Amino acid sequence: MIKLKSTREIELMREAGKIVAAALAEIKSLIEPGITTGVLDKAAEKVIRRFGAEPAFLGYHNFPASICASINEEVVHGIPGLRRLKEGDIISIDVGARYKGYYGDSAVTFPVGKVKPEAEKLISVTRQSLQKAIEAMQSGRHLSDVSHAVQSHVEAKSFSVVRSYVGHGIGEDMHEEPQVPNFGLPGRGPVLREGIVLAIEPMVNAGSWEVKVLDDSWTVVTSDGSLSAHFEHTVALGDNGPLVLTSTDPD
Ligand code: MG
Ligand code: MG
């Protein structure tokens, strides 16, 4: 069942979302060749705690860190540690925070220094697909219109969407109903209405959509070793349409 959120709840989720955005801004400022993903993790945790929030991922199913850091062919759920970023890498950072009982969840793929044109294109197409999905999140439209917006944009650019990991409802739990796939035919599933809050998160591969999980039992990689990008926002459907809760822009 989809839990609709009150205006007050959405305000609290906006607070959580701003904290997530601040952590991502801090990470963006630190990313450069030579830095380890572990340093990025600690920096994000510090920002989250400074605002009086808790890192949502730390300890979640025993995940050992506050961010997911997924480099190049890694899709999602990469564990931060001693690995150093190299010029030309791309790195997907996923951050979640819980504040006053509500969650925010957001991800960005960053280039490390100068990256190849294909990597640049993958990042921009993935970011655009999230934007298209947000625009499709309108009262009276169907949930799968959001999914379809991602898939149609990505496939028109000759990339592929990951099937086995999806976006989700979010609120007092990090993962709530409904699931939000990044693929599907339009006009299916629940009708969207005010009070719905979704974490929309396209995961886009430069090659095939197939993925596998590494032996650490967390890190998801593309099966063909191609690059992957990931963008995510927590988005509320309000009276005036979609409202991005994890943006750094003023309200
Ligand atoms: Mg996330
Ligand atoms: Mg998420």
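Overview of the structure. None of the values given here were measured: they were computed from a predicted structure.

About the thresholds
Residues numbered from 1 in each chain as written. Chains lettered and ligands numbered in written order. Predicted model: local features only at pLDDT ≥ 70, side-chain atom pairs only at ≥ 80, totals over all residues. Heavy atoms only, no water. Core = buried A, V, L, I, M, F, W, Y, C linked by side-chain atoms within 4.5 Å. Buried < 20%, exposed > 50% of the residue type's maximum accessible area, 1.4 Å probe, protein only. Helix = DSSP H or I, 4+ residues; strand = E, 2+ residues; numbered from the N terminus. Contact = heavy atoms within 4.5 Å. Salt bridge = Lys/Arg side-chain N within 4 Å of Asp/Glu carboxyl O. Donors = N, O, S within 2.8 Å, 3.2 Å for Na, K, Ca; no water. Pairing = 2+ DSSP bridges. Axes fitted to C-alpha atoms, helices over the stretch in contact; angles between N-to-C directions.

**Let's talk about the nonpolar core**
Here's step 1: Judged by nonpolar contacts, the single largest core of 54 residues is most densely connected at Ile27, Leu40, Ile91, Ile93, Val95, Met137 and Ile200.
Here's step 2: No other element matches helix 3 (residues 117-136), which puts eight residues into this core.
Here's step 3: With residues near it in sequence (within four places) discarded, valine 95 still touches Val20, Ala23, Leu24, Ile27, Ile48, Phe57, Ile67, Gly104, Asp105 and Ser106.
Here's step 4: Ile10, Met13, Phe57 and Ala199 belong to the second largest nonpolar core, which has 16 residues in total.

**What about the pattern of salt bridges?**
Here's step 1: The final tally for this structure, using the stated rule, is 12 salt bridges.
Here's step 2: The partner of lysine 3 in a salt bridge is glutamate 176, with the nearest N and O atoms 3.9 Å apart. In this pair, lysine 3 sits in the segment before helix 1 (7-30) while glutamate 176 sits in strand 8 (residues 176-180), placing the two residues 173 residues apart along the sequence.
Here's step 3: Note that aspartate 89 and lysine 86 form a salt bridge whose closest N and O atoms lie 4.0 Å from each other.
Here's step 4: Among the charged side chains, a salt-bridge network with shared partners connects Lys3, Lys5, Glu172 and Glu176.

**Let's talk about the coordination of the magnesium ion (ligand 2)**
Here's step 1: Every protein donor of the magnesium ion (ligand 2) is listed here as Asp105 (OD), His168 (NE2), Glu201 (OE) and Glu232 (OE), and their distances to the metal cover 2.1 to 2.2 Å.
Here's step 2: Of note, the magnesium ion (ligand 2) draws all its donor residues from one chain, in the sequence arrangement D-x62-H-x32-E-x30-E.
Here's step 3: A separation of 3.1 Å is found between the magnesium ion (ligand 2) and the magnesium ion (ligand 1), both of which receive a donor from aspartate 105. With a gap of 31 residues between them, glutamate 201 in the loop between strand 9 (197-200) and strand 10 (203-205) and glutamate 232 in the loop between strand 13 (228-230) and strand 14 (233-238) connect regions that are remote in the sequence. We note that glutamate 201, like glutamate 232, is buried.

**Here we look at the coordination of the magnesium ion (ligand 1)**
Here's step 1: Protein-derived coordination of the magnesium ion (ligand 1) comes from Asp94 (OD), Asp94 (OD), Asp105 (OD) and Glu232 (OE), at a distance range of 2.0 to 2.5 Å.
Here's step 2: Positions of the donor residues of the magnesium ion (ligand 1) along the chain correspond to the pattern D-x10-D-x126-E.

**Digging into the pairing of strand 9**
Here's step 1: Neither face of strand 9 is left uncovered, since the one carrying Val197 and Ala199 and the one carrying Leu198 and Ile200 both have all their residues buried.
Here's step 2: Where strand 7 (residues 167-169) and strand 9 come together, two bridges link them in antiparallel fashion. Bridge pairing links histidine 168 to alanine 199 in strand 9.

**Brief notes about the sheet that holds strand 9**
Here's step 1: Sheet architecture is open: five strands sit in the order 8-7-9-14-15, paired in antiparallel fashion. Every other strand in the sheet has two partners, leaving strand 8 and strand 15 (241-244) as the edge strands with one partner each. Across this sheet, the average inter-strand angle for adjacent strands is 25°, counted without regard to direction.
Here's step 2: The pairing of strand 14 with strand 15 spans four bridges and is classified as antiparallel. When the sheet's bridge partners are listed, leucine 237 is paired in strand 15 with proline 242.

These values are about where atoms sit, not about what they do.
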